[in-house]
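Spelled out, the chains give:
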Amino acid sequence: MSRDNNSGRPKKPRSSTRNNSDESRASRSGNSGAKPFKKSFPKAGERNSDSRRSTGTSYQDRMDKKFGKTEQKDFITNSSEEKKSFGKSAPKRGGSRPNTFDTRDKYERGSLKYGRRPGAGDNREDKNKSFVQKRRLSKIDKDIHKDTIRLNKYIANSGICSRREADELITQGLVEVNGKVVTEMGYQVQKVDKVVFDGQNITPEKPVYVLLNKPKGYISTTKDDKARKTVMDLVANASPYRVFPVGRLDRSTTGVILLTNDGHMTKKLTHPSFDAKKIYHVTLDKKLTNEDMKLIAEGIRLDEGVAVVDQISFIEGKPKNEVGIEIHIGWNRVIRRIFQRLGYEVEALDRVMFAGLTKKNIKRGHWRILTELEVNNLKML
């Protein structure tokens, strides 16, 4: 036993603090014979194996769960199988939202900007019928199946005036029903009743205006004795009322033509005094000379008189045998006879404008209903 150099006393052996604490803990619990709890530090490679056995997940799985990563699913390109989107990834720095949809899927379904698949066919019965036109025709169809109608609406549907103006005419005693003056507001009229305004019989048909892009081979009449195709065959489903063509186009002439049941509008547009402008695209069998163009602009004498031409010019970007001509007269075959007088033959004649109405967005053989703005413009002519 060694002695301390300072005190000369023998040194006591050092005892482990951990052992003393374990013994004291065991004595306090009453388990004096129990062994103290000891957990040895695992060796290298043992910690991961123990955790895998306890949790059943790998270290990589736990790290992915900790940082919010999920397993990405494979993308299926087969169109018959269900498309699966990519899994969400960790947000990028700067707060940008990750792109979680498949960009190739929109090209297979069609761009959403246009509402349908590019190049896919349209299964609608008539491409030129918009939702507004169908709704307008449905309202007209409802009026037809009604047994009675208000007198002011009866007058307004005839095209004379609006409902408010019709109420004023009724209160003034200017309307007769079956020979009796009616001043009662809200009076119901039957379809078989005879309504007279200002000494003339009126009908309750609401005016309908149909714009048709006439193809070649159709004549502009309501019926034909030779059983030839007419423009009425093209607009059979355009209106529940019977419409009539405004003016005429030759069987071989194509272009815009108006059909309506408004007799006052028809008379207005066909009368020469109203100067309804018409523009034609003329294709000749040979080039038109400048001298002949000047003669046409000055006026060519025909059987009815001098055919006055408002304007005539070559079409930009087209050969010299194609010209544009504007007239307001409605003589029979007047365009063809003008050029025949100068030794030209008209190979193709297409009317591109009539009374301010064009065939824009109307395919050949198709039609559309005029808008309220276009109808108002016609009334102001």
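Everything numeric here is computed off the predicted structure, so don't read it as measured data.

Under the definition given, this model contains eight salt bridges. Put simply, Asp250 and Arg333 hold a salt bridge, and the shortest N to O gap is 3.7 Å. Linking Asp250 in the loop between strand 8 (244-245) and strand 9 (254-260) with Arg333 in the loop between strand 14 (322-327) and helix 10 (334-341), this pair joins segments that are 83 residues apart in sequence. Connected through salt bridges with shared partners, the residues Asp250, Arg333 and Arg336 form a single ionic network.

This part covers the sheet that holds strand 6 (residues 200-201). Backbone hydrogen bonds hold the strands of a sheet together, and the pairing may be parallel or antiparallel. Strand order in the open sheet formed by four strands is 3-2-5-6, with antiparallel pairing between adjacent strands. On the outer flanks of this sheet lie strand 3 (180-181) and strand 6, each paired with one strand and no other. Two elements, strand 2 (residues 175-177) and strand 3, share two bridges in a ladder whose sense is antiparallel. Across the sheet, Glu176 pairs through a bridge with Val181, a residue of strand 3.

Another aspect to go through is the environment of Met265. On the secondary structure map, Met265 appears in helix 8 (residues 263-270). Judged by relative accessible area, which is 2%, Met265 ranks as buried. C-alpha separation for the pair Met265 and Pro207, spaced 58 residues apart in sequence, amounts to 9.6 Å. Once you skip the residues sitting within four places of it in the chain, Met265 turns out to touch Tyr209, Leu378 and Lys379.

Cut-offs applied
- Residues numbered from 1 in each chain as written.
- Predicted model: local features only at pLDDT ≥ 70, side-chain atom pairs only at ≥ 80, totals over all residues.
- Heavy atoms only, no water.
- Salt bridge = Lys/Arg side-chain N within 4 Å of Asp/Glu carboxyl O.
- Helix = DSSP H or I, 4+ residues; strand = E, 2+ residues; numbered from the N terminus.
- Pairing = 2+ DSSP bridges.
- Buried < 20%, exposed > 50% of the residue type's maximum accessible area, 1.4 Å probe, protein only.
- Contact = heavy atoms within 4.5 Å.

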